[in-house]
Amino acid sequence: MSDAPDDLGIPMKPSRPQPQAGNVAPLSRAPILPGQRAPEAARPVAEPARPGDSPVRPGAMGIGAAPRRPDAEARRLIVGRDISLSGEINSCDKMIIEGSVEANLQNCNEVDIAESGLFKGSATVEEAEVRGRFEGNLTVRRRLLIRASGRVSGTIRYGQIEIECGGRIAGDVQAQAAEDLGQEAGARAAS
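Conventions we followed
- Residues numbered from 1 in each chain as written.
- Predicted model: local features only at pLDDT ≥ 70, side-chain atom pairs only at ≥ 80, totals over all residues.
- Heavy atoms only, no water.
- Pairing = 2+ DSSP bridges.
- Helix = DSSP H or I, 4+ residues; strand = E, 2+ residues; numbered from the N terminus.
- Axes fitted to C-alpha atoms, helices over the stretch in contact; angles between N-to-C directions.
- Core = buried A, V, L, I, M, F, W, Y, C linked by side-chain atoms within 4.5 Å.
- Buried < 20%, exposed > 50% of the residue type's maximum accessible area, 1.4 Å probe, protein only.
- Contact = heavy atoms within 4.5 Å.
- Salt bridge = Lys/Arg side-chain N within 4 Å of Asp/Glu carboxyl O.
- Phe/Tyr/Trp six-rings, centres within 6.5 Å; stacked < 30°, edge-to-face > 60°.

Let us look at the sheet that holds strand β6 (residues 151-163). Here we have seven strands laid out as an open sheet, ordered β1-β2-β3-β4-β5-β6-β7, and parallel in their pairing. The strands lining the two open edges of the sheet, one partner per strand, are β1 (76-79) and β7 (168-175). Neighbour-to-neighbour, the strand axes of this sheet turn through a mean angle of 20 degrees, independent of strand direction. Across four bridges, β1 lies against strand β2 (residues 84-97) in parallel orientation. Following the sheet pairing, R76 is matched in β2 by K94.

Put into structure tokens, the structure is as follows:
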């Protein structure tokens, strides 16, 4: 007990600082010789990161700079199952459709329509893989791949096509050179 009384005149025992959980390592019983590794229980435990702590030093990336992500990840659009999307979509690197999309899609590199996916509308892309359904105007400058579960109908223009056994295609279907596909897409955009 301490000799100093509190406000009520009761002597108080000084408090001892409590050890913090992340800073105390258990003692090992056997000495660790040079060249030996400490047993797992004897190694110090790293202090857990606190919210707001950053492993990057301040100023390491420049003032106000945000961490950079690869461009392909930044321009990927995923429409999940049971999601419906409609409108105008411009300039994406990859679009993955697991739900339903009714849109005009321009300047997209890749479209992947999953078995549960449905796309209705117009799309101009570099490459497309269809395992679900596509209905409308489809222009694929390079390669159109229709998987066994895929169904494509409407006006279809492509550079190359591959249809797995079981895949279906219906409508106005034409193979065209890449140059023709680029000119046709530009003419449709102008009108």
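Core analysis: the largest hydrophobic core is formed by 24 residues, its most contacted members being M95, L105, L138 and L144. Elements represented by at least two residues in this core include exactly β2, β3 (100-113), β4 (118-130), β5 (133-146) and β6. Looking at this core element by element, the count peaks at six residues for β3. When neighbours within four sequence positions are excluded, L138 is seen to be in contact with A123, V125, L144, V152, T155, I156 and R157.

A few words now on unusual backbone geometry. A positive phi is found at D82, a non-glycine position, where the angle reads about 60 degrees. Residue placement: D82 occurs in the loop between β1 and β2. Among the residues examined, D82 registers a relative accessible area of 81% and is labelled exposed. Even without a glycine there, the phi angle at S91 is positive, about 55 degrees. In this fold, S91 is placed in strand β2.

Attention now moves to the pattern of salt bridges. Counted according to the given criterion, the structure contains twelve salt bridges. Between E126 and R141 there is a salt bridge, with its nearest N and O atoms 2.8 Å apart. Linking E126 in strand β4 with R141 in strand β5, this pair joins segments that are 15 residues apart in sequence. Of the two residues examined, E126 and R141, each falls in the buried class. The closest approach of N and O atoms between R143 and E162, which form a salt bridge, is 2.3 Å. One end of the pair, R143, is in strand β5; the other, E162, is in strand β6, with 19 residues separating them in the sequence. Given a relative accessible area of 33%, R143 falls into the partly exposed group. For E162, a relative accessible area of 36% translates into the label partly exposed.

Tallying each qualifying case throughout the model produces one aromatic pair. Seen from their ring centres, F119 and F134 are 5.1 Å apart, and the 5 degrees between their planes marks the pair as stacked. You can see F119 sitting in strand β4 and its partner F134 sitting in strand β5, a full 15 residues away along the chain. Taking relative accessible area as the criterion, F119 reaches 1% and is therefore assigned buried.

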